[in-house]
Every structure is written in C-alpha cells, then in structure tokens.
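A look at the structure
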Amino acid sequence: RVMRYVIVSIVKGPAGDFNNNLRKDIFSKYKAKSSKLPAHFTIKAPFEYNENITDLENCIEEISKKEKATPYKIDGYNHFDDRVIYMDVNMSKEAKKVHDELIDKLSTISYINFKNNEGKDKIFHVTLSSKKIQKIYKQLWDYVNTIPCCFDCMFDNICIYKWQNNTWVLHREYKLEN
C-alpha cells in the first residue's frame, strides 16, 4: 500500500512557538489554513512509496551521527507571489553545508527525486500561510509585517513524517549531535 512521507527539520524553541502561534492567529482572524506539520523547513517535499523505507532511515541516521547541529537565522517575512507567506530563513555556511550533504546522500535513494526548486538551490522558508490565500493575500501580508520576527535557531533535527488519518504523524526524528 502506498504511503506518503515528507522530510523536514522542525523549528524548535521560540521561533517554532512563534510560527505555530502566528499560524493559529492568522487562522482565527482570516480563516487562512496552513500546513498540518509543526513549524518546519522542508528538506524533501512529500513523496509516495509503497515499500519499507529502511534504506532512507539508515541514510538519515548515518548523517545525524556524523553531523553537528548548526545555526541559522529567521529574519522577517517573504512570499512566493500571492500564494505563500513565510518566515525568511538565512542558513549559515555550516548549516547549508550539512543540508547539501544531506541532499547528496538522499539523492542516492532510488525513490527520492528532487525537483530543481527543492534540492540544494531551494529557498529555505518556514511557511505561515499557503492554502488558497490569493483573495486575502494583501491583508495577511500587511498584518504579519506589523509583527517583529527575528530568531536565532539551530538546524539540529531531521524528521520523517508520514501521512496517516488525514494528518502528518511523526515517523522518526533524528537529532544532530550538539
């Protein structure tokens, strides 16, 4: 049976709380829905596979044992046209290097394929709102921009989520050693 997975890094601490709370706030004020995942940046967009993913798990586990947690900053907001509003992520050189090695390793797995905009050249972002927001885009954009957003974060986890019962459920979390 075909399963759907996504690979992300969860944004923890104050920045994660800020994102999760602001998304709730946006929903209550504007009825704009967002992802069913907690605050995160995406490493590999959702993909489907119908066998076990042991090779993927082993691959991420190996990386997580080898790599250290690295810093990144979240600073202000940005958007993809009038479709997506997000918190802007500035990866440090170290964090980008860990990410790119991860992409290289994941690319060796047959059922993991990166589109151009989701591999090493992705725009790192933590989404606030992305579900049918065109009509209220300007109000949303003006609203979030009244709220300061600046955080120091750590790229310290890689998580596989699995789509079950109409929501994303944590399948496995791998912590990058501090």
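Before any of the text, the structure's been laid out above.
None of the values given here were measured: they were computed from a predicted structure. (Residues numbered from 1 in each chain as written. Predicted model: local features only at pLDDT ≥ 70, side-chain atom pairs only at ≥ 80, totals over all residues. Heavy atoms only, no water.)

Right, let's get into the overall build of the protein. What the protein contains, in helices and strands, is four helices and eight strands. In the protein, the succession of α and β elements from N to C terminus is β-α-β-α-β-β-α-β-α-β-β-β. Here the protein has a C-alpha radius of gyration of 16 Å; the compact-globule value for 178 residues is 16 Å, and the two agree. Sorting the 178 residues of the protein into buried and exposed places 48% on the buried side. (Helix = DSSP H or I, 4+ residues; strand = E, 2+ residues; numbered from the N terminus. Rg over C-alpha atoms; globule rule 2.2 N^0.38 Å. Buried < 20%, exposed > 50% of the residue type's maximum accessible area, 1.4 Å probe, protein only.)

Let's shift gears to unusual backbone geometry. Residues other than glycine seldom take positive phi values, yet Asp81 does so here, at roughly 50°. For Asp81, a relative accessible area of 52% puts it in the exposed group. If you check the backbone angles, Asn166 has positive phi at about 65° while not being a glycine. Mapped onto the secondary structure, Asn166 falls in the loop between β7 (157-164) and β8 (167-175).

Okay, the packing of aromatic side chains next. Aromatic ring pairs are defined here through the distance separating the ring centres and the angle between the ring planes. Following the criterion strictly, the structure yields eleven aromatic pairs and no others. On the numbers, 5.5 Å between centres and 90° between planes, the contact of Phe41 with Tyr72 is edge-to-face. Of this pair, Phe41 sits in strand β2 (residues 40-49) while Tyr72 is found in strand β3 (residues 70-80), placing the two residues 31 residues apart along the sequence. With relative accessibility at 0%, the residue Phe41 sits in the buried group. (Phe/Tyr/Trp six-rings, centres within 6.5 Å; stacked < 30°, edge-to-face > 60°.)

Each strand in a sheet pairs with its neighbour through backbone hydrogen bonds, running either in the same direction (parallel) or in the opposite one (antiparallel). Strand order in the open sheet made by the four strands is β2-β1-β7-β8, with antiparallel pairing throughout. Bordering the open sheet on either side are β2 and β8, each of which pairs with just one other strand. With strand direction ignored, the average angle separating the axes of adjacent strands in the sheet is 25°. Bridge count for strand β1 (residues 3-10) against β2 is seven bridges, and the pairing is antiparallel. Bridge assignment links Ile10 to a residue of β2, and that residue is His40. (Pairing = 2+ DSSP bridges. Axes fitted to C-alpha atoms, helices over the stretch in contact; angles between N-to-C directions.)

A word on the layout of surface pockets. For the largest pocket, the calculated volume is near 750 Å³. Looking at the largest pocket, it is lined by 22 residues, and the ones nearest its centre are Thr42, Phe80, Val84, His125 and Thr127. Taken together, the elements giving at least two residues each to the lining of the largest pocket come down to β2 and β5 (125-129). Taken together, the residues that form the lining of the largest pocket break down as ten nonpolar, seven polar and five charged. By volume, the second largest pocket amounts to about 290 Å³. Lining the second largest pocket are 14 residues, with Phe27, Ala32, Lys33, Ser34 and Ser35 positioned closest to its centre. (1 Å grid on protein atoms, 1.4 Å probe; cavity = no way out; pocket = protein on both sides within 12 Å on 5 of 7 lines; lining within 4 Å. Points joined across faces, edges and corners; volume = space filled by probe spheres on them. Nonpolar A, V, L, I, M, F, W, Y, C, P; charged D, E, K, R; others polar.)

So, on to the state of the cysteines. Inspection of every chain in the model, using the stated rule, returns zero disulfides. Of all cysteine sulfurs in the structure, the one in Cys150 sits closest to Cys149, which takes part in no disulfide; the separation is 7.3 Å. Classification of Cys149 by relative accessible area gives buried; the value is 7%. With no disulfide partner, Cys153 has as its closest neighbouring cysteine sulfur the one in Cys149, 8.8 Å distant. (Disulfide = S-S within 2.5 Å.)

This brings us to the pairing of β3. Bridge analysis of β3 against strand β6 (residues 150-155) gives six bridges, and the strand direction is antiparallel. In the sheet register, Lys73 faces β6, and the bridge partner there is Asp152. Where β3 meets strand β4 (residues 84-91), seven bridges bridge the pair, whose relative direction is antiparallel. Bridged to Tyr77 within β4 is Met87. The hairpin turn running from β3 into β4, its antiparallel successor, is three residues long, and Asp81 in that turn takes a positive phi close to 50°.

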